[in-house]
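Listed below are the residues making up each chain.
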Amino acid sequence: MATKPALSLRQQGQDWLLSCTTDPTSARRRWDREELAPFLTGIHWRAAEAPLLPSMHAMQRIGSKRLGPVLADVEAELAWWLLPPDVGDQLDDVRQLTVRCSGWVLDCPPVLYGVDGRMWLERPDGVGRLTDPVLLGAAFGPGGQLSEAAR
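Nothing here was measured: the structure is a model prediction, and the numbers come from that model.

Moving on, we come to the packing of aromatic side chains. Counting across every chain of the model gives 2 aromatic pairs. Here Trp-31 and Phe-39 contribute two aromatic rings whose centre-to-centre distance is 6.2 Å and whose plane-to-plane angle is 25°, an arrangement assigned as stacked. No difference in accessibility class separates Trp-31 from Phe-39, as the two residues are buried. Geometrically, the ring pair formed by Trp-81 and Phe-140 is edge-to-face, given 6.1 Å between the ring centres and 80° between the ring planes. Highlighted residues: Trp-81 in strand β4 (residues 78-83) and Phe-140 in helix α4 (residues 133-140), separated in sequence by 59 residues. For the residue pair Trp-81 and Phe-140, the accessibility class agrees, reading buried in each case.

So, on to the sheet that holds strand β5 (residues 98-99). Pairing is antiparallel across the open sheet formed by 5 strands, whose spatial order is β5-β2-β4-β3-β7. What marks the edges here is a single partner per strand, and that holds for β5 and β7 (118-122). Here strand β2 (residues 46-51) runs beside β5; their pairing, made up of 2 bridges, is antiparallel. Within β5, the residue paired with Glu-49 across the bridge is Thr-98. Contacts from helix α3 (residues 52-62) reach β2, β3 (70-73), β4 and β7 within the one sheet, and its direction differs from that of β4 by about 40°.

Rules and cut-offs
Residues numbered from 1 in each chain as written. Predicted model: local features only at pLDDT ≥ 70, side-chain atom pairs only at ≥ 80, totals over all residues. Heavy atoms only, no water. Phe/Tyr/Trp six-rings, centres within 6.5 Å; stacked < 30°, edge-to-face > 60°. Buried < 20%, exposed > 50% of the residue type's maximum accessible area, 1.4 Å probe, protein only. Helix = DSSP H or I, 4+ residues; strand = E, 2+ residues; numbered from the N terminus. Pairing = 2+ DSSP bridges. Contact = heavy atoms within 4.5 Å. Axes fitted to C-alpha atoms, helices over the stretch in contact; angles between N-to-C directions.

Dropping the structure here:
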């Protein structure tokens, strides 16, 4: 069975990201000018903000097969995890995470390359896979260890 080239999969991720905005043409124009494009949270996903280095450790704990998109800003040393829009208060007790409210704007680079110090550590996959808040909380929680059942 043949697999699709990496660029094609990245393009599918970018197409999915563009489907999450009401104005994909404007987003493409911004990206063509090497600018970040604003995406409103809430309808398609919510964003959990966290420090960059602990996020990278959490990504390893969760494992690539279970990660949704993770955006990083290397200059600000922050990362944003894309979570299901109905995340609710599941992560309220995780000190290192701030779940942004619906309607909050996340400025995103294209999936294909970084812009202004922002890049996708885990790119959107094209089918809308998001990080499970339970796994994220476990990865950031005390000891940062996922139970065998969560793996």
